[in-house]
Amino acid sequence: MSEQSGQEPGERTASHIAHNARVWNYWLGGKDHYEVDEQVGNQVTSMYPSIGEVARADRAFLGRAVTYLAGRAGLRQYLDIGTGLPTAENTHEVAQRIAPDSRVVYVDNDPIVLTHARALLTSTDEGATSYVDADAHDPGAILRAASGTLDLGRPVAVMMLGILNFILDTAEATSIVRHLVDAVPSGSHLVLTHPTLELGGEGNEEAMRFWNENATPPITARSRTEIEGFLEGLDILEPGLVSCARWRTDGSDEGPIVAQFGVMARKP
């Protein structure tokens with residue numbers, strides 16, 4: 001596995017400030033977090049008790065989405081932006097189990113993610129896995145780095161699970177998505193999840209306010225209409241823009257509806 005970074009992990013580690021990648025890991029039952037992450041995670045849970053269900057539903061959505069992409073859609077290239085800390089059933093594990101020649105580029109900019117990516121994000125001999133230390137605000141840098149592993153002239157699955165909510169300006173978030181989608185050819189897919197105050201998520205507003213005052217990076221929820229704006233010009237696959245807990249489930253893995261939209265769209 002290769003990685004690209006302009007800084008050593010220790011230069012940007014802030015163990016006294018809760019960080020989304022580590023708090024998310026805590027909600028998923030992982031061990032890669034600090035005490036401050038537990039404290040903030042517990043406080044958010046007390047304000048919005050279903051946040052753990054959101055985290056688990058988002059992770060399950062990832063597995064179903066990659067299973068579809070590697071299987072029915074036949075994709076062999078994945079650009080996973082905002083990957084977070086490695087856990088079980090990462091994108092490359094799901095994809096390469098179905099198609100061993102799959103190539104996956106992970107992108108994140110948290111130093112603890114970088115440290116674990118070096119050790120955990122391995123690949124089959126037939127495929128490839130790499131890690132890019134880059135900010136989602138800079139899609140050009142992401143694409144330049146990813147081109148060392150991916151052939152951007154062939155279809156790519158652009159995975160943006162729970163990342164656009166950290167781009168606070170909707171116009172900027174839309175521009176980032178367009179930049180990425182414009183850089184990949186017909187047959188590529190865009191996969192998104194995004195928190196919302198719809199779908200029963202109204203109670204999350206106070207918790208998000210607390211998060212923005214006590215953790216990093218700041219977060220925002222978006223409406224169905226705003227998220228649909230990210231998908232302009234793309235063909236949205238069934239079942240459309242729905243709670244990620246209800247996207248292509250077979251009934252056996254269907255949990256409660258969570259306030260996190262999930263969607264997949266294809267570039268015509």
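Keep in mind the model is a prediction, meaning the values are calculated, not measured. (Residues numbered from 1 in each chain as written. Predicted model: local features only at pLDDT ≥ 70, side-chain atom pairs only at ≥ 80, totals over all residues. Heavy atoms only, no water.)

1. Describing unusual backbone geometry
Trans is the common state for peptide bonds, and a negative phi is the common state for residues other than glycine.
Then, number 1: In this model, Thr216 is joined to Pro217 through a cis peptide bond whose omega is -10°.
Then, number 2: Backbone torsion omega between Glu238 and Pro239 reads 5°, so that peptide bond is classified as cis.
Then, number 3: Among the structural elements, Pro239 can be located in the loop between strand E9 (235–236) and strand E10 (242–243).
Then, number 4: Here the phi dihedral of Leu199 falls at roughly 55°; this positive angle occurs in a residue that is not glycine. (Helix = DSSP H or I, 4+ residues; strand = E, 2+ residues; numbered from the N terminus.)

2. Looking at the packing of helix H2 (residues 20–27) against helix H3 (residues 35–47)
Then, number 1: Taken N-terminus to C-terminus, the directions of H2 and H3 make an angle of 65°; their axes are 9 Å apart at the nearest point. Judged by the angle between their axes, H2 and H3 are roughly perpendicular. As for the relative orientation of H2 and H3, their crossing is right-handed in sense. Along the contact surface, H2 presents Arg22, Val23, Tyr26 and Trp27, while H3 presents Asp37, Glu38, Gly41, Asn42, Val44 and Thr45.
Then, number 2: Looking at the contact of H2 with H3, its residues break down into four nonpolar, three polar and three charged. (Axes fitted to C-alpha atoms, helices over the stretch in contact; angles between N-to-C directions. Parallel < 35°, antiparallel > 145°, perpendicular 65-115°, else oblique. Left-handed = near helix turned anticlockwise from the far one by under 90°. Contact = heavy atoms within 4.5 Å. Nonpolar A, V, L, I, M, F, W, Y, C, P; charged D, E, K, R; others polar.)

3. Things to note about the confidence of the model for the chain
Caution applies to low-pLDDT parts of the model: their predicted coordinates are not meant to be read in detail.
Then, number 1: Counting all residues, the mean pLDDT for the chain is 90, and 92% of those residues have values of 70 or more.
Then, number 2: Residue range residues 1–12 is modelled with pLDDT below 50. Its contacts to residues more than four positions away, or to other chains, number 30 contacts. (pLDDT = per-residue confidence, 0-100.)

4. Describing the packing of aromatic side chains
Then, number 1: Counting across every chain of the model gives two aromatic pairs.
Then, number 2: An angle of 75° between the planes, with centres 6.1 Å apart, marks the rings of Trp24 and Trp27 as edge-to-face. Note that Trp24 and Trp27 are positioned in helix H2 at a spacing of three residues, about one turn of the helix.
Then, number 3: When the ring centre of Tyr68 is taken as reference, the NZ or CZ atom of Arg248 above it lies at 4.6 Å.
Then, number 4: Its end group placed over the ring of Trp247, Arg248 keeps NZ or CZ at 5.2 Å from the ring centre. (Phe/Tyr/Trp six-rings, centres within 6.5 Å; stacked < 30°, edge-to-face > 60°. Lys NZ or Arg CZ within 6 Å of the ring centre and 35° of its normal.)

5. Digging into the pattern of salt bridges
Then, number 1: Summed over the entire model, instances satisfying the criterion amount to four salt bridges.
Then, number 2: For Arg22, the salt bridge identified is with Asp37, shortest N-O distance 2.9 Å. Residue Arg22 is found in helix H2, and its partner Asp37 is found in helix H3; the two are separated by 15 residues along the sequence. Each member of the pair Arg22 and Asp37 is classed as buried.
Then, number 3: Between Arg76 and Asp101 there is a salt bridge, with its nearest N and O atoms 3.5 Å apart. In this pair, Arg76 is assigned in the loop between helix H4 (51–70) and strand E3 (77–81) and Asp101 in the loop between helix H5 (91–98) and strand E4 (103–108), connecting sequence segments 25 residues apart.
Then, number 4: Judged by its relative accessible area of 40%, Asp101 falls in the partly exposed class. (Salt bridge = Lys/Arg side-chain N within 4 Å of Asp/Glu carboxyl O. Buried < 20%, exposed > 50% of the residue type's maximum accessible area, 1.4 Å probe, protein only.)

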